[in-house]
Amino acid sequence: MLFLWQSLDRILKMPFYAVAKGRQVGIYNTWPECQQQVNGFTGARFKKFATESEANNFVQQNSGGSSAVSSTNWGRGSTDDDGFVHVYTDGSCEGNGQAHAAAGLGVYFGEGHALNTAQPVSGRATNNCGEIQAASMAIRLARAQGVRRLMVNTDSQFLINSITKWLPGWKRRNWTLASGGEVKNKTDFQELERELSSGDIEIKWNHVDAHCGIAGNERADELARQGTQMYRTMRRGR
């Protein structure tokens, strides 16, 4: 538990590099990422901040109407120029595939956002269950707040491929694989499909690399790890 809190403290202290004028306006979590946007760019304007909200304010006040993608506040969350609220989701599992595995999910809308969520998974304790349930949770939370456009950022290519490529085939075959076996995460995918089929929210999926300094992904990962610890605590209490 001490390691968990030390790790969380480290993540929360990560800096935010705001690029108001550069190749791509936005907020970056590492200097090399920021540097790529400003080196050699005439009139570049950028600054390092301790909090995401300060970085957001700097971008808004100094971007000068740039047409590049930029961040704006949505209850201390992030919305792009196309009106999509950005959320980062992640799953975590300790002992994945083992009898005593523990798994959690994380949903991150922004620094200090009231909708940020850490929760143990329901059902099977696997990493994929955490990834799928995190996406369902993010959509449900956003819809409840009246969000109509949502960009789900996830490091799970399995999740994205499942929804955008494989799901129609699974349904045609009564939730079986092309090989004839049953879809292992059937219950979780059915729940996610219900969220996607409501018709009152437009969802886009974006794959991000894991553990490479992307602030939203790092924070979603920490929340998912908290959810895993909650799972262990919940199991000990049974």
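For the structure, see preceding data.
Computed from a predicted model, the values in this text were never measured in an experiment.

Here we look at the overall build of the protein chain
Looking only at helices and strands, the protein chain has seven helices and ten strands in total. In the protein chain, the proportion of contacts linking residues at least 24 apart, taken out of those at least 6 apart, comes to 64%. Here the protein chain has roughly 11800 Å² of accessible surface; of this, 49% comes from carbon and sulfur atoms.

Considering helix α4 (residues 127-144)
Helix length check: α4, at 18 residues, gives a terminal C-alpha distance of 26 Å against a target of 26 Å (1.5 Å per residue), a fit within 8%. The element α4 is largely enclosed, with a buried count of 14 among its 18 residues. Directly after α4, the chain includes G146, whose backbone phi takes a positive value near 85 degrees.

Considering the environment of G22
Its location among the elements puts G22 in the loop between β1 (16-21) and β2 (26-28). Residue G22 is classed as buried on the basis of its relative accessible area of 10%. Between the C-alpha atom of G22 and that of F41, which follows or precedes it by 19 residues, the distance is 6.1 Å. Those residues in contact with G22 that sit more than four places away from it in its chain are Q37 and F41.

Focus on the nonpolar core
Counting 29 residues, the largest nonpolar core has V107, F109, L150, L159, F189, L192 and W205 as the members making the most contacts within it. Elements represented by at least two residues in this core include exactly β6 (85-94), β7 (102-108), α4, β9 (149-154), α5 (157-172), α6 (186-196) and β10 (202-207). Sort the elements by how many residues they give to this core and α4 lands first, with eight residues. Residues A20, F58, V59 and A215 belong to the second largest nonpolar core, which totals nine residues.

What to know about the pattern of salt bridges
Inspection of every chain in the model, using the stated rule, returns eight salt bridges. Across the pair E191 and R140 runs a salt bridge whose closest N-O atoms are separated by 2.5 Å. In this pair, E191 sits in helix α6 while R140 sits in helix α4, placing the two residues 51 residues apart along the sequence. Look at the salt bridges and you will find they share partners, linking R140, R143, E191, E195 and D200 into a network.

Observations concerning the packing of aromatic side chains
Aromatic rings considered in pairs are described by the distance between their centres and by the relative angle of their planes. By the definition in use, this model includes seven aromatic pairs. Measuring from ring centre to ring centre gives 6.0 Å for Y17 and W31, while their planes differ by 50 degrees; the resulting arrangement is tilted. Here Y17 is found in strand β1, whereas its partner W31 is found in helix α2 (residues 31-38), with 14 residues between them in sequence. The buried category is assigned to Y17, whose relative accessible area is 13%. Ring geometry for W166 versus W170: centroids 6.2 Å apart, planes at 45 degrees, classification tilted. Of this pair, W166 and W170 both sit in helix α5, four residues apart, which is roughly one turn of the helix. The partly exposed category is assigned to W166, whose relative accessible area is 34%.

Observations concerning unusual backbone geometry
The backbone of N174 shows a phi angle near 60 degrees, a positive value even though the residue is not glycine. The residue H211 is not glycine, and still its phi comes out positive at about 55 degrees. Secondary-structure assignment places H211 in the loop between β10 and α7 (215-236). A residue is classified by how much of its surface remains accessible, and H211, at 52% relative accessible area, is exposed.

Some details on the packing of α5 against α6
In the contact formed by α5 and α6, the axes pass within 12 Å of each other and the chain directions differ by 95 degrees. Here α6 runs roughly perpendicular to α5, going by the angle between their axes. When α5 is examined against α6, the residues F158, L159, S162, I163, L167, W170 and K171 are found in contact with a partner set consisting of F189, L192, E193 and L196. By residue class, the composition of the contact of α5 with α6 is eight nonpolar, one polar and two charged.

Comments concerning the packing of α4 against α6
Look at α4 against α6: their axes get within 9 Å of each other, and the N-to-C directions meet at 25 degrees. In this view, α4 runs roughly parallel relative to α6, as classed from their interaxial angle. The two elements α4 and α6 meet at a crossing, and its hand is left-handed. Residue-level contacts link C129, I132, Q133, A135, S136, I139, R140 and R143 of α4 to D188, F189, E191, L192, E195 and L196 of α6.

Definitions and cut-offs
- Residues numbered from 1 in each chain as written.
- Predicted model: local features only at pLDDT ≥ 70, side-chain atom pairs only at ≥ 80, totals over all residues.
- Heavy atoms only, no water.
- Helix = DSSP H or I, 4+ residues; strand = E, 2+ residues; numbered from the N terminus.
- Contact = heavy atoms within 4.5 Å.
- Areas by Shrake-Rupley, 256 points an atom, 1.4 Å probe, with all protein chains shown as cover.
- Expected span 1.5 Å × (residues − 1).
- Buried < 20%, exposed > 50% of the residue type's maximum accessible area, 1.4 Å probe, protein only.
- Core = buried A, V, L, I, M, F, W, Y, C linked by side-chain atoms within 4.5 Å.
- Salt bridge = Lys/Arg side-chain N within 4 Å of Asp/Glu carboxyl O.
- Phe/Tyr/Trp six-rings, centres within 6.5 Å; stacked < 30°, edge-to-face > 60°.
- Axes fitted to C-alpha atoms, helices over the stretch in contact; angles between N-to-C directions.
- Parallel < 35°, antiparallel > 145°, perpendicular 65-115°, else oblique.
- Nonpolar A, V, L, I, M, F, W, Y, C, P; charged D, E, K, R; others polar.
- Left-handed = near helix turned anticlockwise from the far one by under 90°.

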